[in-house]
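Per-entry structural report
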Amino acid sequence: MRIPEPFFPLINRVMRALLNSPLHGMLSGSLLVLYFTGAKSGRRRSTPLRYLRQDDAAVICLTGRETGWWPNFRKPVPVELQLAGRRVAAIAHALPDDAERKEAALRRMLAAYPSDAAYHGIAVRRGAAPSPEHFQRAVARDVLVVFTLAAPRD
């Protein structure tokens, strides 16, 4: 079930607070907070995001083209992430047109979080796989954002 849009501002505030608190462990295995400066506005922004680890050096997120934050990263941009209870530096890069990587990321995301299918525009009956048409529409609609983590300082 998808959460109605009007609830997201409140939910995002609560998620940011939890992910920045000692209670982060309840959520930080699947959610992070992205901190960045808006390319046009110059204002500091933050948004909680579902993520998957790509490897030890990167995490990935998928978002819809209609969301307002990803265009800030059409070119690689330094950001900060609140990730697993730590603030880390990263480089964010949006890949809106890399269908092959988006498809692989969406398959991984849905395998890890099947209940997120609705957020990708996919209607799925419990226990069933998405139809190929729904899946390809989601790949076309989604944007992959890769966050390359900065090497930890000694």
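The coordinates are above.
Residues numbered from 1 in each chain as written. Predicted model: local features only at pLDDT ≥ 70, side-chain atom pairs only at ≥ 80, totals over all residues. Heavy atoms only, no water.

A few points about the sheet that holds strand β2 (residues 44-50)
Rules: If DSSP finds at least two bridges between two strands, the strands pair. Helix and strand assignments follow DSSP, with helices taken as H or I runs no shorter than four residues and strands as E runs no shorter than two, numbered in order from the N terminus. For helices, the fitted line uses only the C-alpha atoms of the stretch in contact; every axis is such a line through C-alpha atoms, and the angle between N-to-C directions lies from 0 to 180 degrees. The contact rule is simple, with two residues in contact once any of their heavy atoms fall within 4.5 Å.
Pairing is antiparallel in the open sheet, where 7 strands are placed in the order β2-β1-β5-β6-β7-β4-β3. Each of the sheet's edge strands pairs with one partner strand only, and the pair in question is β2 and β3 (52-55). The mean angle between the axes of side-by-side strands here comes to 35°, regardless of whether they run parallel or antiparallel. The pairing of strand β6 (residues 86-95) with strand β7 (residues 142-149) spans 6 bridges and is antiparallel. In the sheet register, Ala94 faces β7, and the bridge partner there is Val145. In the packing of helix α3 (residues 132-141) onto the sheet, contacts are made with β4 (58-64) and β7, and the angle to β7 comes to roughly 55°.

Details of the pairing of strand β5 (residues 77-83)
Across 3 bridges, strand β1 (residues 31-37) lies against β5 in antiparallel orientation. Within β5, the residue paired with Leu34 across the bridge is Leu81. In the sheet, β5 pairs with β6 via 7 bridges, with the strands oriented antiparallel. Across the sheet, the residue bridging to Leu81 is Val88, located in β6.

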